[in-house]
Amino acid sequence: EDQVTQSPEALRLQEGESSSLNCSYTVSGLRGLFWYRQDPGKGPEFLFTLYSAGEEKEKERLKATLTKKESFLHITAPKPEDSATYLCAVQPYTGTASKLTFGTGTRLQVTL
Amino acid sequence: DSGVTQTPKHLITATGQRVTLRCSPRSGDLSVYWYQQSLDQGLQFLIHYYNGEERAKGNILERFSAQQFPDLHSELNLSSLELGDSALYFCASSGNNEQFFGPGTRLTVL
């Protein structure tokens, strides 16, 4: 069974204090790993898809990286508007390819 | 704005009742997915439809059913509701691989 574990559960940063969120996964053949941002009571907002180990993608202050066992979401010089829950999900390459298995997320709070 | 719309935003009902949640995918997307998000379980995949046909089922209860219509909108029907069905229900659509989520329907069962 596919599994996704995210750490830490919660993270509090000061504005400008860079850090990384971790997503460890086990999947029977990875088709894709997805990062989403979710604000309270809202739908997840797509950020990145990573397909193979060594791949990196960047968007503004966020950079996602992928290895064979985990993915990191690096946040550089965060601002208060980056406060949200960040979700990681995996999509298996075999079987029900359409299904995403999500982790429980990292709640990020960025303070002034 | 993802381009995926869901109605209603909020739904309050009583145990034993039946409700229908509606989703319109992004223009051009043929796939619609339904997810349930509760506080203790995170986002759980329920079911996937592609161009009107069911493609995959996840942890969907027998009391729940879904369909996708010729205009590609989808409905999720929840019946014999229980207190534990209270949750956020999201629909997502995709064209290639990335799934784009709607704003969700918050269901409260009293």
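Residues numbered from 1 in each chain as written. Chains lettered and ligands numbered in written order. Predicted model: local features only at pLDDT ≥ 70, side-chain atom pairs only at ≥ 80, totals over all residues. Heavy atoms only, no water.

Asks: Requested: an account of the overall build of chain A, with residues and values cited.
Replies: Scanning chain A for helices and strands turns up zero helices and eleven strands. Helices and strands appear in chain A in the N-to-C order β-β-β-β-β-β-β-β-β-β-β. For 112 residues, the compact-globule estimate of 2.2 N^0.38 gives 13 Å, and chain A sits close to it at 14 Å. When the backbone C-alpha atoms are referred to their principal axes, chain A occupies close to 45 × 30 × 20 Å. Classification of the 112 residues of chain A by burial places 46% in the buried group. (Helix = DSSP H or I, 4+ residues; strand = E, 2+ residues; numbered from the N terminus. Rg over C-alpha atoms; globule rule 2.2 N^0.38 Å. Buried < 20%, exposed > 50% of the residue type's maximum accessible area, 1.4 Å probe, protein only.)

Asks: Summarise the sheet that holds strand β7 (residues 64-68) of chain B; cite the residues concerned and give the values.
Replies: All names here are of chain B. As summarised here, the arrangement of the four strands in space is β1-β3-β8-β7, forming an open sheet in which the pairing is antiparallel. Only two strands of the sheet have a single neighbouring strand rather than two, namely β1 (5-7) and β7. Each adjacent strand pair in this sheet contributes to an overall mean axis angle of 15°, direction not counted. Bridge count between strand β3 (residues 19-24) and strand β8 (residues 74-78): five bridges; the pairing is antiparallel. Each residue of the ladder has a partner; that of Cys23, found in β8, is Ser74. (Pairing = 2+ DSSP bridges. Axes fitted to C-alpha atoms, helices over the stretch in contact; angles between N-to-C directions.)

Asks: Could you give an account of the interface of chain B and chain A, with specific residues and numbers?
Replies: Taken residue by residue, the interface counts 17 residues in chain B and 18 residues in chain A. Around 1,400 Å² of area is buried between chain B and chain A when both sides are counted, 57% of it from carbon and sulfur atoms. Together, Leu43(B), Asn97(B) and Glu98(B) form the three largest contributors to the area buried by chain B at its contact with chain A, with a combined 35%. Between the two partners, chain B and chain A, sit zero salt bridges. (Contact = heavy atoms within 4.5 Å. Buried area = accessible area lost by both parts, 1.4 Å probe. Salt bridge = Lys/Arg side-chain N within 4 Å of Asp/Glu carboxyl O.)

Asks: Give me the lowdown on the nonpolar core, citing residues and values where you can.
Replies: Counting 22 residues, the largest nonpolar core has Leu33(A), Trp35(A), Leu73(A) and Tyr86(A) as the members making the most contacts within it. For this core, the elements supplying multiple residues, two or more each, are β2 (10-14), β3 (19-26), β4 (30-38), β5 (45-50), β7 (62-66), β8 (70-75), β9 (84-92) and β11 (106-111) of chain A. Take this core: its biggest share by element is four residues, from β9(A). Counting residues in hydrophobic clusters, the runner-up holds 21 residues, among them Val19(B), Tyr49(B), Cys91(B) and Val109(B). (Core = buried A, V, L, I, M, F, W, Y, C linked by side-chain atoms within 4.5 Å.)

Asks: Outline the side chain of Gln6(A), listing residues and values.
Replies: All names here are of chain A. On the secondary structure map, Gln6 appears in strand β1 (residues 3-7). A distance of 2.9 Å separates a polar side-chain atom of Gln6 from the backbone oxygen of Tyr86. Looking at Gln6, its side chain comes within polar contact range of the main-chain nitrogen of Gly105, at 3.1 Å. Leaving out residues up to four positions away in the same chain, Gln6 has contacts with Asn22, Cys23, Trp35, Tyr86, Leu87, Cys88, Gly103, Thr104, Gly105 and Thr106. (Polar contact = N/O pair within 3.5 Å; in protein donor to acceptor, adjacent residues only side chain to side chain.)

Asks: Could you give me a rundown of the pattern of salt bridges, with the residues and numbers involved?
Replies: Residue and element names in this part refer to chain B. Under the criterion given, the structure shown has seven salt bridges over all chains. A salt bridge links Asp29 to Arg26; the nearest nitrogen and oxygen atoms lie 2.7 Å apart. Of the charged contacts in the structure, one is a salt bridge between Asp85 and Arg63, with a shortest N-O distance of 2.8 Å. Of this pair, Asp85 sits in the loop between β8 and β9 (87-94) while Arg63 sits in the loop between β6 (53-57) and β7; the two residues are 22 residues apart in sequence, bridging distant segments of the chain. For Asp85, a relative accessible area of 4% gives the class buried. What you see here is one network of salt bridges that share partners, running through Arg63, Glu82 and Asp85.

Asks: Residue-level account of unusual backbone geometry, with values.
Replies: Across residues other than glycine, the phi torsion is negative in most instances, and most of the peptide bonds are trans. Cis geometry marks the peptide bond from Ser7(A) to Pro8(A), where omega comes out at -10°. As for its placement among the helices and strands, Pro8(A) is situated in the loop between β1 and β2. That bond from Thr7(B) to Pro8(B) is cis: its omega, -10°, falls within 30 degrees of zero. Within the secondary structure layout, Pro8(B) lies in the loop between β1 and β2 (10-13). One non-glycine residue, Asn51(B), lies in positive phi territory at about 50°. Considering the arrangement of structural elements, one finds Asn51(B) in the loop between β5 (42-50) and β6. Phi is positive for Leu72(B), which is not a glycine, with a value near 80°. Looking at where Leu72(B) falls in the secondary structure, it is placed in the loop between β7 and β8.

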